[in-house]
Amino acid sequence: MAKNGAEAEIDEGLYSRQLYVLGHEAMKRMQTSNVLVSGLRGLGVEVAKNLVLGGVKSVTLHDPHPAAWADLASQFYLREEDVGRSRAEATLPRLAELNSYVAVSSTREPLSKELLGTFQVVVLTNSPLEEQLWVGDFCHDHGIKLVVADTRGLFGQLFCDFGDDMVVTDPNGEQPLSAMVSMVTKGCPGEVTCLDEARHGFETGDFVTFTEVEGMEELNRCGPVEIRPYTFSIGDTSGYGDYVRGGIVTQVKMPKHIHFKRLREALAEPEMMVTDFGKAERPSMLHWAWQGLHRFLRQHGRAPRPRHQGDAAEVVALTKEVAAGAELDEELVRELAFQATGDLAPVNAFIGGLAAQEVMKAVSGKFTPITQWLYFDALECLPEENRDTLLTEEQCRPRNSRYDGQIAVFGAELQAKLGAQKYFVVGAGAIGCELLKNFAMVGLGCGPEGSVTVTDMDTIEKSNLNRQFLFRPWDVTKLKSERAAAAAQEMNPALRVSSRTDRVGPDTERVYDDDFFEGLDGVANALDNVDARLYMDRRCVYYRKPLLESGTLGTKGNVQVVIPFLSESYSSSQDPPEKAIPICTLKNFPNAIEHTLQWARDEFEGLFKQPAENPLEVLEAVQRSLVSDRPRAWPDCVAWACRHWHRQYSNNIRQLLHNFPPGQKTNSGTLFWSGPKRCPHPLVFDPDNPLHLDYVVAAANLFAQSYGIAGSRDRAAVAELLRHVRVPPFAPKAGVRIHVSDQELQSANAALGTAWTGGALGDCQYHIGLGFGAISQTLNPFFCVPQSKLIAGKIIPAIATTTAAVVGLACLELFKLVQGHRRLSSYKNAFLNLALPFYYEVEWTLWDRFEVQGLQPDGQEMTLRQFLAYFKKEHRLEITMLSQGVSMLYSFFMPAAKLRERHDQPMTEIVTRVSKKKLGRHVKALVFELCCNDDSDADIEVPYVRYTIR
């Protein structure tokens, strides 16, 4: 992107992590989009900040109102000296610093049709309903996308209208699934069986294509076909040829069309997202309550006063008029009225992150948008006991303070407690920056007894600027912790923050010693690796300190709060270790991109980092290094690289095919090259092929460096040298044994006394060039898939919207910790995926379980079909696998005939048939284990099910 919003190439150095989330096409569409953000209080500035970081073409700020003291509660780009100035104009220069590729401007014009018509997306924040309605009508009629967002204390509201026919090109942003085919039956429908090394992940309604199928070649030529219900079945294959072997089935992302109602219609006939299934009834209540609040605002020209009973009663009465006799949760409506002047930075961060992501969806067509309303509340943050005595009108009245928006919700006493807190922020990256911003806004550690300590040993890089919003281009190469602390203190000069550069770990326990930890009130992790998280978790458990743990991966994020003596710790559950790749698969029979990536790493290690081997191999390596392969000049290095290329990507494959010809069969009569063994094809070297040349240039330069010979980046000169390199013709060797299983290899190694070790690529340009050159070569002879720096470099995709939303949720937990909440149900471990969208879910603990009554009111026992339907209706969970002990009762991949047989059988009958054991009379209940998908199609683990039968 060019500066000031002009179109140009995307700056991959700046947007590298975000490109792995959105992709180039979505980024290019964002580059042409002009966005208007109206309302520059805390919520509006959060939306604008995320859009500027994201890289839209332009952001225009609209807010004719002057800044007030109350705005400082969450508007992090306003300073005390800005009070009285236009919010938009005071905010503009600080927003513009975030991204020089985005044109940021402000306007004093009132909202008009002429002004709106120049934008692709309009965002309204803190806007009166009358304004929302006419703007909504105009935008819908003129193809302009509309996002409406608002927050009131612990409440949030979001609405989207993206037109009559929005086309979503990629609903979830995940890489298309792919699996190896082991069988396709002839019939109507034809059933597909995949290799059972791992769950393939395809679901009913997915579209797939086939390649490399032998025998039933018609599948390779047909377009995307839809997967039918129950089993992996496709269309009519009865007229196709007989399946012989092989095949790759690949998911195809099909365009999805979504119709949006205009705001006026959506008010009367709302469609709502549920953010917390424990509060499934609240969205409809809040939909009416928000309209009742708008009626109060219109009639009085002000918001209800904090904890004012008369104002709250009037809002309840107005909401009853809107609800037109429907049952109403009056206490919920009253609470919204009490908090109408509330302005909380964490809630703005959460809703602002969501709203900005919806804007990106609107302009890019990437990810599934909200349809159409989202309501959020975090009332668990309020006092658990004696709420009416702790939160009075006197306690919550405005004090002409920067914290008035927070005092309106929690009262003045909590504000004093927040100021006295001593917190340790571990990491000053994207999450660390958002934590410090929120801490500064809420006043954490801002009192005379409080403090915030942040540590990070890293320095700032250009790619950090896309999401670590406390840093600026002139901060590159400076220490993260120092610059982040300084930037946060600018947002709130009262913040008592200090920075350190010591890594947390056993070697710094003399720095972060007993006195340090015992003086803390809590710890907030902002780390990017599991080992450091586990270490900090252990320290917090040892010192009995609460821990806020959060993380992101692209559009996905999670929050975990660890409370001493109350909750599990971070270490209580861990992801399973990565599955190791069998060595023989890696060396001779790769069939997945992960195999080629690991092969490339091992290729580098074998050449330039001598692993531990037996003495004979060490001597042979020394002989090659000092005698047979020793180069005398740069042309010798090029010749060595060329011959090495031929050995790896032509000769070795030819030898493999000599040992195992394409048509060879095993002793059982099956084809050797079938199933996970995919027949490779040798490459023919071409100096004009950029992939081949890249590999040779990188390998030759590394080889030259090993001997102190000057290398060269002149590709044309290297290509000319290659034309004169003589490569001996291939001749297959007799007696070469190629192991087909790890067991064979281990037996051979045991006899020779050898050991296999792996390693990692370095980060110099030639290390990377050789690595990706090796990956490219191995992809071509075996199969064609996109190059993947993401996997090879173990890069974590990242985007500012997810970070903002996740940290907002984490800081809501902070309010509970400071108040000393002791009910586990008050705390929320959250998971979100902004792509789907799926936002807020309470995670299960090991103490939870589902209780299901097996006997129906009519005395009949629940069938499998009824059991599955029960979880779908009551818990919004789609069961994918169901087991009892070691017996598999149901799975999505079962044959269709078996599924049809079991669907209408009682649960106990299925258990006895599968386990071949009768249930004793003493058995009152069965314990089932489930694997499920939630409404977001995310795999989740759920508690045990206690299925009562007597």
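- An unreviewed UniProt entry lists the chain under the name E1 ubiquitin-activating enzyme, from Serinus canaria.
- Annotation of the chain in UniProt includes, under Pathway (unreviewed entry), the sentence "Protein modification; protein ubiquitination."
- Per UniProt, the chain has the following entry under Catalytic activity (unreviewed entry): "ATP + ubiquitin + [E1 ubiquitin-activating enzyme]-L-cysteine = AMP + diphosphate + S-ubiquitinyl-[E1 ubiquitin-activating enzyme]-L-cysteine."

## Here's the deal with the packing of aromatic side chains
Given two aromatic rings, their pairing is described by the distance between the two centres and the angle made by the two planes.
Part 1 of the argument: This structure, assessed with the given rule, holds 29 aromatic pairs.
Part 2 of the argument: A centroid spacing of 4.7 Å and a plane angle of 45 degrees characterise the contact between Phe-350 and Phe-376, whose relative ring orientation is tilted. Taken as a pair, Phe-350 in helix H12 (residues 345–364) and Phe-376 in strand S15 (residues 373–377) lie far apart in primary sequence, 26 residues in all.
Part 3 of the argument: A residue is classified by how much of its surface remains accessible, and Phe-376, at 0% relative accessible area, is buried.
Part 4 of the argument: An angle of 5 degrees between the planes, with centres 4.0 Å apart, marks the rings of Trp-640 and Phe-703 as stacked. Pair noted here: Trp-640 is in helix H23 (residues 634–659) and Phe-703 is in helix H24 (residues 690–706), with a separation of 63 residues, a long-range link.
Part 5 of the argument: For Phe-703, a relative accessible area of 7% gives the class buried.
Part 6 of the argument: Here the aromatic cluster, defined as three or more aromatic residues joined through ring pairs, consists of Phe-424, Tyr-512, Phe-516, Phe-517, Tyr-542 and Tyr-543.
Part 7 of the argument: Looking at Lys-49, its charged tip hangs above the ring of Phe-469, at a distance of 4.5 Å from the centre.

## Topic: the pattern of salt bridges
Part 1 of the argument: Using the criterion set out here, one finds 51 salt bridges in the structure.
Part 2 of the argument: Note that Glu-434 is salt-bridged to Lys-437, the shortest N-O span being 2.8 Å. Here Glu-434 and its partner Lys-437 are both found in helix H16 (residues 430–442), 3 residues apart, which amounts to about one turn of the helix. Judged on exposure class, the residue Glu-434 and its partner Lys-437 are both buried.
Part 3 of the argument: One salt-bridge network, in which partners are shared between bridges, spans Arg-41, Asp-63, Asp-71, Arg-87 and Asp-343.

## Concerning the nonpolar core
Part 1 of the argument: Leu-51, Val-122 and Leu-154 are the most contacted members of the largest nonpolar core, which totals 164 residues.
Part 2 of the argument: Dropping the residues within four chain positions of it, Leu-154 is found in contact with Gln-339, Leu-344, Val-347, Phe-376, Asp-377, Ala-378, Leu-379, Cys-381, Leu-382, Val-409, Phe-410 and Leu-812.

## Overview of the packing of helix H1 (residues 12–22) against helix H2 (residues 24–31)
Part 1 of the argument: Contact geometry for H1 and H2: axes closest at 8 Å, N-to-C directions at 115 degrees. Here Glu-12, Tyr-15, Gln-18, Leu-19 and Leu-22 of H1 lie close against H2, whose contacting residues are His-24, Ala-26, Met-27 and Met-30.
Part 2 of the argument: Among the residues forming the contact of H1 with H2, the class breakdown is 6 nonpolar, 2 polar and 1 charged.

## Looking at unusual backbone geometry
Part 1 of the argument: Between Cys-188 and the following residue, Pro-189, the backbone shows a cis peptide bond with an omega angle of 5 degrees.
Part 2 of the argument: Here Pro-189 shows up in the loop between strand S8 (178–184) and strand S9 (192–194).
Part 3 of the argument: In the segment running from Thr-371 into Gln-372, the intervening peptide bond is cis, with an omega of -20 degrees.
Part 4 of the argument: Its place among the elements puts Gln-372 in the loop between H12 and S15.
Part 5 of the argument: In this model, Asn-386 sits at a positive phi of 50 degrees, which is unusual for a non-glycine residue.
Part 6 of the argument: Mapping Asn-386 onto the fold places it in the loop between S15 and helix H13 (387–390).
Part 7 of the argument: Asn-386 gets classed as exposed once you look at its relative accessible area, which sits at 54%.
Part 8 of the argument: Here Thr-477, not a glycine, exhibits a phi torsion of approximately 85 degrees, which is positive.
Part 9 of the argument: Note on placement: Thr-477 falls in the loop between strand S17 (451–455) and helix H17 (480–491).

The rules we used
- Residues numbered from 1 in each chain as written.
- Predicted model: local features only at pLDDT ≥ 70, side-chain atom pairs only at ≥ 80, totals over all residues.
- Heavy atoms only, no water.
- UniProt positions renumbered as here; feature names shortened; annotations may be inferred.
- Phe/Tyr/Trp six-rings, centres within 6.5 Å; stacked < 30°, edge-to-face > 60°.
- Helix = DSSP H or I, 4+ residues; strand = E, 2+ residues; numbered from the N terminus.
- Buried < 20%, exposed > 50% of the residue type's maximum accessible area, 1.4 Å probe, protein only.
- Lys NZ or Arg CZ within 6 Å of the ring centre and 35° of its normal.
- Salt bridge = Lys/Arg side-chain N within 4 Å of Asp/Glu carboxyl O.
- Core = buried A, V, L, I, M, F, W, Y, C linked by side-chain atoms within 4.5 Å.
- Contact = heavy atoms within 4.5 Å.
- Axes fitted to C-alpha atoms, helices over the stretch in contact; angles between N-to-C directions.
- Nonpolar A, V, L, I, M, F, W, Y, C, P; charged D, E, K, R; others polar.

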